[in-house]
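Report on the structure
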Amino acid sequence: MLCAAMVALAAVTACDFMNLNLGDGYAYNYDYPWAIWKKETPSSGPIILPPQDSIHSEYVVVNVYWDKSTILAICCENKNSIDSTCWSLDKRTGIVKEITADEFNATISKKKMKRDYILSRYEKK
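What counts, and where the lines are drawn
Residues numbered from 1 in each chain as written. Predicted model: local features only at pLDDT ≥ 70, side-chain atom pairs only at ≥ 80, totals over all residues. Heavy atoms only, no water. Helix = DSSP H or I, 4+ residues; strand = E, 2+ residues; numbered from the N terminus. Buried < 20%, exposed > 50% of the residue type's maximum accessible area, 1.4 Å probe, protein only. Contact = heavy atoms within 4.5 Å. Pairing = 2+ DSSP bridges. Axes fitted to C-alpha atoms, helices over the stretch in contact; angles between N-to-C directions.

1. What to know about the environment of Ser 84
Within the fold, Ser 84 resides in strand 7 (residues 84–90). Note on Ser 84: relative accessible area 39%, which makes it partly exposed. When the C-alpha atoms of Ser 84 and Ala 101 are compared, they prove to be 9.3 Å apart, with 17 residues separating the residues in sequence. What Ser 84 contacts, discounting residues up to four positions off in sequence, is Ile 74, Cys 75 and Cys 76.

2. Some details on unusual backbone geometry
A cis geometry characterises the amide bond from Leu 49 onward to Pro 50, with omega recorded as 0 degrees. Positive phi, normally seen in glycine, also occurs at Asp 24, with a value near 55 degrees. Mapped onto the elements of the fold, Asp 24 is located in the loop between strand 1 (19–23) and strand 2 (26–29). Residue Trp 34 is not a glycine yet carries a positive backbone phi of 45 degrees. Accessibility expressed as a relative area gives 17% for Trp 34, which makes it buried.

3. A look at the sheet that holds strand 4 (residues 47–49)
Overall, antiparallel pairing links the four strands, which are arranged 1-2-3-4 in an open sheet. A strand with exactly one partner marks an edge of an open sheet, and here the two such strands are strand 1 and strand 4. Each adjacent strand pair in this sheet contributes to an overall mean axis angle of 35 degrees, direction not counted. In the sheet, strand 1 pairs with strand 2 via four bridges, with the strands oriented antiparallel. Across the sheet, Asn 21 pairs through a bridge with Ala 27, a residue of strand 2.

Set out below in structure tokens:
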């Protein structure tokens, strides 16, 4: 019985290693589907970004910025896609809205935000 409990605990802990905590219950999944989700348990919850609608449900988050109040994400059709869509998520209200690249860049320029990404094209040079 103790062995089974240890295996279950290890499985839950291992699942959380594939996630980046963005604060306020949000996480970025390092493994496919490369999405931002709202944590209801340590390893599950609804996907928030990319939006799960008929257009964006197959998209992936390739670049994410966050601070105490906001999450900014760049979503693409697949990880090799050149075209992308920028999104803003207000952590307090849970409201997600599409923003322009100019709005995205202006926000990250004026705020000190943490950052992570899955594609080498976003690496600092």
